[in-house]
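Summary of the model geometry
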Amino acid sequence: MENVGVCDEFVNLKATELRLGLPGTEDGCEEEKQKVSCIKSNKRALPEPEKNNESKTETASPPKAQIVGWPPVRSYRKNNIQTKKNESEGQGMYVKVSMDGAPYLRKIDLTVYKQYPELMKSLENMFKFSVGEYFEREGYKGSEFVPTYEDKDGDWMLVGDVPWEMFVSSCKRLRIMKGSEVKGLGCGV
Amino acid sequence: MDRRFPFKVLEHIFSFLDANEDRNSVSLVCKSWFETERRTRKRVFVGNCYAVNPLKVARRFPKMRSLTLKGKPHFADYNLVPDGWGGYAWPWIEAMAARRPLLEEIRLKRMVVTDECLEKIAASFRDFKTLVLTSCEGFSTDGIAAIASTCRKLRDLELRECNVDDLGGDWLSYFPETSTSLVSLDFSCLDSEIKLSDLERLLSRSPNLKSLKLNRSVTLDVLEGLLRRAPQLVELGTGSFSDELDPEEISKLTKALSELKQLKSLSGLWDLLPEYIPVLYSVCPRLTSLNLSYATVQMPDLVDLLSRCSKLQKLWVMDMIEDKGLKTVALCCKELRELRVFPSGADLDEEDVALTEQGLVSVSEGCKKLESVLYFCVQFTNAALVTIAKNRPNFRCFRLCVMEPFAPDYRTQQPLDEGFKAIVERCKDLRRLSVSGLLTDKAFEYIGVHAKKLRMLSIAFAGDSDLMLHHLLSGCESLKKLEIRDCPFGDTALLENAAKLETMRSLWMSSCFVSFGACKQLSQKMPRLNVEVIDEHPPKTRPDSSPVERIYIYRTVAGPRQDTPEFVWTIHKNPEVGVSRLSTR
């Protein structure tokens, strides 16, 4: 197995290569510290997967050798599939949502949201209620509905108490509680 | 002898010519035919927006009603073309707005379209009917709102896989309050939520709507209500198919789907849950087109669905279908013409690869009408390719992506030369081919000898030397588009076959061994080619022998373009000048 670093001229070029990618896509291009250009120098060997420079980020499984634009799948499709990969790894991305008094459950994908306000808006739309205002020390005020969630440890927490990323990775399911039940919940971390 | 057909007679005869290739041929016969043809052409297609000047096109075709343009090279789809390369729609829109106000249809692919463009379209073409944007970028939902509100005769508004600055779902409320003339609406690539009431009301007042493609944010629980308002749909792209429904909702949705008596095409189905497959049973027997490429369902569920789709002609699916699933397709979908199997992103290291070459072999055996394939697979064999070629000599489009670069036949460790030889030898009508896996120059010799009707060829990580390119350029008579990445060939073949390049639309090469010096020579030799060097560093600062990272060569009668960014260098025809960057943007 030959290391691609054989082609000297190309090493220099590679170091200064343009970074590619449509604005806003996260298909791994920013994470690639090195772009492997698999030009062989007349040797018919497979390129060594370059493990040294690869940054292990939150993308689920480390790919073999990160080659720009390979396999040739459109960014649009890659982005959609990436989401799926995360889900199937069981990191709690899809969670059930129930609301006290409503006869049905919903399922939502937490990775679709970027922060709490978006999530709240979506829940409000879904269940046709309004959640009131969140105060750090006192929880939700101004509505009888309170969004809560069960975390990895089985504890019921108030939605909004922990930083968003922590919430997304630890939330197992959501429950919109109503009225008196709420008082039992502690607020704040 | 001076016999000329009267203009009116010629005009009448030409009115039967639809295909632009025929019209192009006809226009070359003599001056009067050129004149007659140009006055009668309604549908204009420009495969490379930089090949010709927009004003000239506008002037040439006074009866133009439909314009189709393509911008960036195909490899832009895979992030090989840096942002800002070009492909701006504005000069075209501006030219048409000034001279062809009766233009009704605009279709753009891989172009940069701004809100300004969209507003100009809305303001300039009073009978505007059709806007189809594929893989475009640069605009926001504000631009869409302008189209929706101003184009009163709008029939088609389709955003296919575009990169849109999504400012929210308000644009949907901008359609005229009275009944609309909408026939197709595709907003599947937008991210944000739309207001359900806006959409419901739009459907209720769009009696002609035949094709509706929702975006992912449209949840499953509202689908039934939407379908009740549009039972005449022929094409449906659902939103998300994963929200939980109670039994009553499920039953209502099932009924609503079964009422779509004209439905032929189904797509969307994002995150389809297995428990909802039965909901789709009623539409399956009628379907001719099914896109499951965003549905993360496993093989048994796919089989459940596909075994009911006996009329299916087009199937897009992910590799979860596995060989077993494709065997079912081979048994049940006898009308299949097009198959695409996409990678689901499963780790390439996995031992239990359940989609192999066998899947494609099965389909090639069972589906006698199959003519177009896109197949992603980890590895392949020559034997499989030979069998596939024997089974299906009627392939027109064969794109095989062996995902492991340089992967040989995994049984024999031989290159896949013989396999692809069989494909090009037997499939005499092959128009489009993508090759992959371990390939030597021999493979390209075979392609050059046999693939006489081939128009588009894509190559990655292949070949040994210059000979590869030489075989292709000297052999493939019909070649129009060639795109190559990471192949070890250099200057000689390119310069020897320079004349060929003017018969082609374009040639893309990246990460090959083409030198800057050769680019200069080529450009000076061929006056009607634009030789664009895409490189971060000014080629002037490096020796002529240094290889160039990316080049894009295309024929043009419009000269070097004026809108290149800093990293694109058009090689000047005058050797004294060297490279120019006539950037006025």
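Above this text is the structure in question.
My aim in this report is to walk through the structure given alongside it, one point at a time. (Residues numbered from 1 in each chain as written. Chains lettered and ligands numbered in written order. Predicted model: local features only at pLDDT ≥ 70, side-chain atom pairs only at ≥ 80, totals over all residues. Heavy atoms only, no water.)

**A word on the overall build of chain A**
Where we set the bar: Numbering of helices and strands starts at the N terminus; helices are DSSP runs of H or I of at least 4 residues and strands are runs of E of at least 2. When a residue's accessible area, from a 1.4 Å probe over protein chains only, is under 20% of the maximum for its type it is buried; when over 50% it is exposed; and in between it is partly exposed. Between two residues, a contact is recorded if the distance between any of their heavy atoms is within 4.5 Å. Only the protein chains shown count as cover for residues, with accessible areas throughout obtained via the Shrake-Rupley method and a probe of 1.4 Å.
Each helix and strand counted, chain A has 4 helices and 7 strands in total. What you see in chain A, going N to C, is helices and strands ordered as α-α-β-β-α-β-β-β-β-α-β. Relative to its 189 residues, chain A shows a buried fraction of 44%. Residue pairs at least 24 apart in sequence account for 52% of intrachain contacts in chain A once pairs closer than 6 positions are excluded. As displayed, chain A has an accessible area near 10400 Å², and 50% of this comes from carbon and sulfur atoms.

**What about the overall build of chain B?**
As a reminder of what qualifies: Radius of gyration here is computed from C-alpha atoms only, and the compact-globule reference equals 2.2 Å multiplied by the residue count raised to the power 0.38.
The secondary structure content of chain B amounts to 20 helices and 24 strands. Relative to the compact-globule value of 25 Å for 585 residues, chain B shows a C-alpha radius of gyration of 25 Å, a close match. Seen through its principal axes, chain B has C-alpha atoms that stretch 75 × 65 × 60 Å. Residue burial in chain B is summarised as follows: out of 585 residues, 61% are buried.

**Here we look at the packing of aromatic side chains**
Counted only if it meets this: Classification of ring pairs uses Phe, Tyr and Trp, with its six-membered ring standing for Trp, and accepts pairs whose centres are within 6.5 Å; under 30 degrees between planes counts as stacked, over 60 as edge-to-face, and the remaining range as tilted. A ring has a charge above it when a Lys NZ or an Arg CZ is no more than 6 Å from the ring centre and no more than 35 degrees off the ring normal.
Applying the stated rule across the entire model yields 24 aromatic pairs over all chains. Summarising the aromatic geometry, the rings of Tyr149 of chain A and Phe167 of chain A are spaced 4.8 Å apart at their centres and angled 90 degrees between planes, so their arrangement reads as edge-to-face. Of this pair, Tyr149 of chain A sits in strand E5 (residues 145-151) while Phe167 of chain A sits in helix H4 (residues 164-170); the two residues are 18 residues apart in sequence, bridging distant segments of the chain. The residues Tyr149 of chain A and Phe167 of chain A share a single accessibility class, namely buried. Taken together, the aromatic side chains of Tyr50, Phe75, Tyr78, Trp85, Trp508, Tyr552 and Tyr554 of chain B make up a single cluster linked through ring pairs. A cation over a ring is seen here: Arg561 of chain B above Trp85 of chain B, with NZ or CZ 4.3 Å from the ring centre.

**Some words on empty space enclosed by the protein**
All names here are of chain B. Just so we agree on the cut-off: Cavities and pockets are defined on a 1 Å grid built over the protein atoms alone: a cavity is a set of grid points where a 1.4 Å probe fits but cannot escape, while a pocket is an open set with protein on both sides within 12 Å along at least five of seven lines, and lining residues are those with an atom within 4 Å of any such point. Grid points are joined across faces, edges and corners, and a volume is the space filled by probe spheres set on the points. Under this grouping Gly is polar, as are all residues other than the nonpolar Ala, Val, Leu, Ile, Met, Phe, Trp, Tyr, Cys and Pro and the charged Asp, Glu, Lys and Arg.
Scanning the entire structure with this criterion turns up 7 cavities of 30 Å³ or more. Its volume calculated, the largest cavity comes out at about 200 Å³. At the level of elements, strand E15 (372-377), strand E16 (397-402), strand E17 (432-434), strand E18 (456-460) and strand E19 (481-485) are the ones that each hand at least two residues to the lining of the largest cavity. Taken together, the residues of the lining of the largest cavity break down into 12 nonpolar, 5 polar and 4 charged. Together, 16 residues line the second largest cavity, and Pro73, His74, Lys481, Ser506 and Tyr552 are the ones closest to its centre. When residues of the lining of the second largest cavity are traced back to their parent elements, those giving at least two are E19 and strand E20 (506-510). For the lining of the second largest cavity, the leading source of residues is E19, giving 3 residues.

**Quick look at the side chain of Ser240 of chain B**
Quick note on the threshold: In protein, a polar contact means a hydrogen-donor-capable atom and an acceptor-capable atom, both N or O and within 3.5 Å, with residues adjacent in sequence counting only if both atoms are side-chain atoms; elsewhere, any N or O pair within 3.5 Å suffices.
Here Ser240 of chain B lies in the loop between strand E10 (235-237) and helix H10 (247-258). Polar side-chain contacts of Ser240 of chain B include one of 3.4 Å to the side chain of Asp243 of chain B.

**Structural notes on the pattern of salt bridges**
Formally: A carboxyl oxygen of Asp or Glu within 4 Å of a side-chain nitrogen of Lys or Arg is what we treat as a salt bridge.
Inspection of every chain in the model, using the stated rule, returns 37 salt bridges over all chains. Here Asp486 of chain B ties to Arg485 of chain B by a salt bridge, and the two come within 2.8 Å at their closest N and O atoms. One exposure class covers both Asp486 of chain B and Arg485 of chain B, and it is buried. As a salt-bridge pair, Arg561 of chain B and Glu532 of chain B come within 2.7 Å of each other at their nearest N and O atoms. With Arg561 of chain B in the loop between strand E22 (550-555) and strand E23 (568-571) and Glu532 of chain B in strand E21 (residues 529-534), the pair connects residues that are 29 residues apart, well separated along the chain. Considered together, Arg561 of chain B and Glu532 of chain B belong to a single accessibility category, that of buried residues. Ionic contacts of the salt-bridge type, sharing partners, join the residues Arg74 of chain A together with Asp77, Arg110 and Glu161 of chain B into one network.

**Let's talk about unusual backbone geometry**
In this chain, Trp70 of chain A is followed by Pro71 of chain A through a cis amide linkage whose omega measures -10 degrees. Mapped onto the fold, Pro71 of chain A is located in the loop between helix H1 (8-15) and helix H2 (75-88). For Asn79 of chain B, which is not glycine, the phi torsion reads 65 degrees and is therefore positive. Checked against the element boundaries, Asn79 of chain B lands in the loop between strand E2 (66-70) and helix H5 (90-99). Positioned with a positive phi, Asp271 of chain B is a non-glycine residue whose angle comes to about 55 degrees. Checked against the element boundaries, Asp271 of chain B lands in the loop between strand E11 (265-267) and strand E12 (289-291).

**Focus: a negative patch on the surface**
Residue and element names in this part refer to chain B. The condition is simple: For patches, a residue must show more than 30% relative accessible area and have no salt bridge; joins then use 9 Å for like charges and 5 Å for nonpolar side chains, namely Val, Leu, Ile, Met, Phe, Trp and Tyr. The charge count treats Lys and Arg as positive and Asp and Glu as negative. His and the chain ends do not count. Just so you know, the charge point we use is NZ for Lys, CZ for Arg, CG for Asp and CD for Glu.
Taken together, Glu94, Glu116, Glu119, Asp142, Asp165 and Asp170 make up a surface patch of like negative charges. Checked against the element boundaries, Asp165 lands in strand E7 (residues 163-165). The exposure class of Asp165 is partly exposed, given its relative accessible area of 46%.

**Examining helix H11 (residues 299-306) of chain B**
All names here are of chain B. Put simply, the rule is: Think of it as the arc spanned by the lines of direction from the helix axis to the C-beta atoms.
Of the residues making up H11, those classed as buried are Met299, Asp301, Leu302, Leu305 and Leu306. Here the buried residues of H11 occupy an arc of 160 degrees about the axis, which is enough to place them on one side. Considering only its buried residues, H11 is in contact with E12, strand E13 (314-318) and helix H12 (322-332).

**Here's the deal with the environment of Arg286 of chain B**
Residue and element names in this part refer to chain B. Take Arg286: it is sitting in the loop between E11 and E12. When the C-alpha positions of Arg286 and Leu260 are compared, they lie 9.9 Å apart, and in sequence the two are 26 residues distant. Beyond its immediate chain neighbours, meaning those up to four positions away, Arg286 contacts Leu257, Ser258, Leu260, Lys261, Leu263 and Lys264.

Worth remembering: the numbers are spatial, not functional.
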